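Residue strings, one per chain:
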Number of protein chains: 2
Amino acid sequence: MKLDSEHLEILAAIVEQGGLTEGAEALGKSQPSVSRSMALLEARIGLPLFEPGRRPLRPTELGASLARLGSRIHRANKEASLLVQRYRQGLAGRLRVGGSPIFMDGVVASMIAEFQSRHADVQIDQSYGYLNQLEAGLRNGGLDVAILPLHPGQVPPDLEFTPLLGGNNVIACRAGHPLTRTRGITLNHIAPYAWIAPPADSPLYRDLQRSLKSIGQEDFRVNFSGGTLASIQSVLTGSDALTVLPYSVVFLSRRTIPLEALPLKIDHAERQLGILRVSDRQLPPAVRQLTGFLLTECQRLQARMDHDQQITRRRG
Amino acid sequence: MKLDSEHLEILAAIVEQGGLTEGAEALGKSQPSVSRSMALLEARIGLPLFEPGRRPLRPTELGASLARLGSRIHRANKEASLLVQRYRQGLAGRLRVGGSPIFMDGVVASMIAEFQSRHADVQIDQSYGYLNQLEAGLRNGGLDVAILPLHPGQVPPDLEFTPLLGGNNVIACRAGHPLTRTRGITLNHIAPYAWIAPPADSPLYRDLQRSLKSIGQEDFRVNFSGGTLASIQSVLTGSDALTVLPYSVVFLSRRTIPLEALPLKIDHAERQLGILRVSDRQLPPAVRQLTGFLLTECQRLQARMDHDQQITRRRG
DNA sequence: TTGTAATATCGCTTTGCGCTATGAAACTGG
DNA sequence: CCAGTTTCATAGCGCAAAGCGATATTACAA
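Residues numbered from 1 in each chain as written. Chains lettered and ligands numbered in written order. Predicted model: local features only at pLDDT ≥ 70, side-chain atom pairs only at ≥ 80, totals over all residues. Heavy atoms only, no water.

J.: Even after reading the chapter, I still don't get the interface of chain A and chain B, so can you show me in this structure?
T.: Think of interface size as the accessible area that goes away when the parts come together; that is how it is often given. Contacts between the two partners involve 35 residues from chain A, matched on the other side by 35 residues from chain B. In this assembly, chain A packs against chain B so that about 3,200 Å² is buried in total across both faces, 60% of it on carbon and sulfur atoms. Counting across the interface, chain A meets chain B through eight salt bridges. In this structure, the salt-bridge partner of B:Lys2 is A:Glu9, at a minimum N-O distance of 3.3 Å. The interface formed by chain A and chain B holds 14 residue pairs in polar contact (both at pLDDT 80 or more) in total. (Contact = heavy atoms within 4.5 Å. Buried area = accessible area lost by both parts, 1.4 Å probe. Salt bridge = Lys/Arg side-chain N within 4 Å of Asp/Glu carboxyl O. Polar contact = N/O pair within 3.5 Å; in protein donor to acceptor, adjacent residues only side chain to side chain.)

J.: How do you make sense of the protein's contact with DNA strand C when you look at a structure like this?
T.: Around DNA strand C sit 20 residues, and of these B:His7, B:Lys29, B:Ser33, B:Arg36 and B:Arg44 come closest. Near the protein, within 4 Å, the atoms of DNA strand C are sugar or phosphate in 54% of cases. At 3.0 Å, a backbone N or O of A:Leu57 approaches a phosphate oxygen of DNA strand C. Separating a base nitrogen of DNA strand C from a side-chain N or O atom of B:Arg36 is a distance of 2.7 Å. Looking at the surface near DNA strand C element by element, the count peaks at five residues for helix H3 (residues 31–45) of chain B. (Near = heavy atom within 4 Å. Helix = DSSP H or I, 4+ residues; strand = E, 2+ residues; numbered from the N terminus.)

J.: Any chance you could explain the nonpolar core here in plain terms?
T.: Generally speaking, soluble globular proteins have nonpolar side chains that are buried together. One finds A:Ile45, A:Leu66, B:Ile45 and B:Leu66 to be the most contacted residues of the largest nonpolar core, which totals 50 residues. Going through the elements one at a time, helix H1 (5–17), helix H2 (20–27), helix H3 (31–45) and helix H4 (61–88) of chain A together with helix H1 (5–17), helix H2 (20–27), H3 and helix H4 (61–88) of chain B are the ones with two or more residues in this core. (Core = buried A, V, L, I, M, F, W, Y, C linked by side-chain atoms within 4.5 Å. Buried < 20%, exposed > 50% of the residue type's maximum accessible area, 1.4 Å probe, protein only.)

J.: So what exactly am I meant to see when it comes to the packing of aromatic side chains here?
T.: Any aromatic ring pair is given by two values, namely how distant the centres are and how the planes are angled relative to each other. Residue and element names in this part refer to chain B. What the rule picks out here adds up to four aromatic pairs over all chains. Ring centres of Tyr-247 and Phe-251 lie 6.0 Å apart, and the angle between their planes is 50°; this geometry places the pair in the tilted category. Here Phe-251 and Tyr-247 lie together in helix H10 (residues 247–253), a separation of four residues that amounts to about one turn. (Phe/Tyr/Trp six-rings, centres within 6.5 Å; stacked < 30°, edge-to-face > 60°.)

J.: Even after reading the chapter, I still don't get the pattern of salt bridges, so can you show me in this structure?
T.: Side chains bearing opposite charge may pair, as long as their charged atoms lie close to each other. Taken as a whole, this structure holds 27 salt bridges over all chains when the rule is applied. Here A:Asp308 ties to A:Arg254 by a salt bridge, and the two come within 3.1 Å at their closest N and O atoms. Here A:Arg254 lies in the loop between helix H10 (247–253) and strand S9 (259–261) and A:Asp308 lies in helix H11 (residues 285–315), a separation of 54 residues in the sequence. Take A:Arg254: its relative accessible area is 33%, and that puts it in the partly exposed class. Between B:Arg139 and B:Asp158 there is a salt bridge; the shortest N-O distance is 2.6 Å. Placement of B:Arg139 in helix H6 (residues 131–139) and of B:Asp158 in the loop between strand S3 (145–150) and strand S4 (159–166) is noted, with a sequence separation of 19 residues between them. Here B:Arg139 falls in the partly exposed class, since its relative accessible area comes to 38%. Classification of B:Asp158 by relative accessible area gives partly exposed; the value is 33%.

J.: How do you make sense of the relation of the copies chain A and chain B when you look at a structure like this?
T.: Here two copies of a chain appear, and what relates them is a rotation about an axis with a shift along it. The two copies are related by a screw motion: chain A maps onto chain B through a turn of 180° and a shift of 0.1 Å along the axis, at an RMSD of 0.2 Å. Such a combination of rotation and displacement between the chain copies is what one expects of a two-fold axis. The C-alpha atom lying nearest the rotation axis in chain A is that of A:Ile73; the distance is 2.6 Å. The overlap is high: 100% of the interface residues of chain A also sit at the interface in chain B, so the same surface is used on both sides. (Least-squares fit on C-alpha atoms with pLDDT ≥ 70 in both.)

J.: Got a minute to help me understand the packing of H1(A) against H4(A) in this structure?
T.: To characterise two packed helices, one gives the angle between the axes of the helices and the distance between these axes. All names here are of chain A. With their axes 7 Å apart at the nearest point, H1 and H4 run at an angle of 110° to one another. Between H1 and H4, the angle falls in the class roughly perpendicular. For the pair H1 and H4, the crossing hand works out as left-handed. Residue-level contacts link Ser-5, Leu-8, Glu-9, Leu-11, Ala-12, Val-15 and Glu-16 of H1 to Gly-63, Leu-66, Ala-67, Gly-70, Ser-71, Ile-73, His-74 and Asn-77 of H4. Tallied by class, residues from the contact of H1 with H4 come to seven nonpolar, six polar and two charged. (Axes fitted to C-alpha atoms, helices over the stretch in contact; angles between N-to-C directions. Parallel < 35°, antiparallel > 145°, perpendicular 65-115°, else oblique. Left-handed = near helix turned anticlockwise from the far one by under 90°. Nonpolar A, V, L, I, M, F, W, Y, C, P; charged D, E, K, R; others polar.)

J.: It is not clear to me how the domain arrangement of chain A should be interpreted in this structure. Could you clarify?
T.: Parsing chain A into structural domains produces domain 1 (5–88), domain 2 (92–167 + 271–315) and domain 3 (169–261). Taken over C-alpha atoms, the centre of domain 1 of chain A sits 70 Å from the centre of domain 3 of chain A. (Domains from an automatic or database assignment.)

J.: Quick question: what am I supposed to make of the sheet that holds strand S1 (residues 92–99) of chain B here?
T.: Hydrogen bonds between backbone atoms are what pair the strands of a sheet, whose relative direction is either parallel or antiparallel. All names here are of chain B. Pairing is mixed across the open sheet formed by five strands, whose spatial order is S2-S1-S3-S10-S4. Here the strands that pair on one side only, and so sit at the sheet edges, are strand S2 (121–128) and S4. The sheet shows a mean angle of 25° between the axes of neighbouring strands, taken without regard to direction. Taken together, the eight bridges between S1 and S2 define a ladder with parallel strand orientation. Across the sheet, the residue bridging to Gly-93 is Val-122, located in S2. Each of S1, S2, S3, S4 and strand S10 (272–278) touches helix H5 (residues 101–118); the most contacted strand, S2, lies at about 175° to it. (Pairing = 2+ DSSP bridges.)

Okay, structure coming up:
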């Protein structure tokens, strides 16, 4: 025999409020309604839930015990409502974010940290990948959003791309590197130094090739390759090697790590860091929250970078 | 917004069983029924509970979270059903038993212990009182049953009395008391000894008076009075004092305490130990269980006492 | 006893669950 | 890639029960 959970919740309200009328009021129902519900419940279990002939309705032993269980049910139900509410507002849920390694480590991760400090109940699963993997992840539902640098013409038709930041690359070196004291850097100045390269299959590696080609350096010596941003930063600061990194990554890294960008214009791929997602699918509200958050954070970052570059340019 | 607990339980079943069809089967409902329930729930919360376009229906993050809560609700509900079932069979509940002190301590308590070892979830509240208090307790619902010695003509019309045991009293003394070695005891043999009396307001005290009067002893010296059975037993075994006790109490006490009943016929009040309860009120099933249990236990006890007395009579 | 407050009952409408039958969509194995 | 199979959704219909206001009944209090 299955009892109606709703009935048990009503019973709990009556017992807690000390009377049927008050219970009905607390539940937002009419008095006859709850009276009949209790009559039904009593009829089904075939045992009295209330002492007979007592006016401020008092539960029997059985009634009180069932009321305790009803109360438990009520709490679980309320928690469910709350969960839905928070989920609706993007304050709860799980978010699967994939992205290109350097940008995720150098730019996005710290912003996600900030986001999570405001939305404690949003669980974020971060993963790394390049365009193909990320696309696949988005399409098969393994990812909610992807964050990566992309050329506007590169966006697949079934996906939607929201730009966040300019994606221009710079040549980076440790602070205090000999080249930072050199005025009017040319290819000749750079030629002696070894290079740190990202994994050979990454877009950033192709950027590196292209950048060096754009300044006339066809072949280059790779000193270290394949590491994540943390490794690159370590090697960079511990040696005189050079590398190509997005300017935003260098900019943010400088807060804690002694890096500099060489004032040497290099060709870059007209890509922008942005958020890629499936266009028609309805996304969890937390995704919208994160998207909006990253957008404003990146706007602020862009403004700071622009400001900084103007000063550097005036000084340099 | 209030969610339907039933819907959450259904969701839990679907998630646990790994599919809507299996979930429906587990719930004993038809597949279309649970499908529509889920559609309703989804429509109410306005967010998807299942990944779209997946055939073995897979929950979204929100769906999985709600399913966990639904499972909690289901457990509470099942527990409620179980409670009702056990309560129906008299295996659970609270039982308020009142009774006259000597019989409760000397006869009923040990039987209740045995009852509880078989019905672990029946909680018993025992209290003491005489007829008037017990009647009041039964009528105002403070007691479920009362156990006391009563004359058949004494039973109030709105109450019902079930006899358990003969209520005849005997004169009791310690084992090895000088009188136990005396043949053909008369009033003269008894006269020198002091008496232990129950509280002066108790029926047993009036029994004592009446008993002694019936054997011709009009005035008697009271050595000790007012104690419960345990005190009486202690004083009795530690002195040569005499007292009047129900034979059943002496019989059962002998298992652990060196007492004896003097082979002297005394008048007794034609009362019987029995169970008194309100006649029209529907009692908790556990009461019926206890009533039945006490009835058979007392029958066995009566048989043992009869047997024992035959032997004693043959010997004496 | 009488007035008051609490509960039960009545009549009615609406909601939603139960079922069967059937359509649509996704998976599976060649 | 194509049929067959499985899985889920929808439609239509009857019924149980929740909702309400109005009203009768009953316990408590003064």
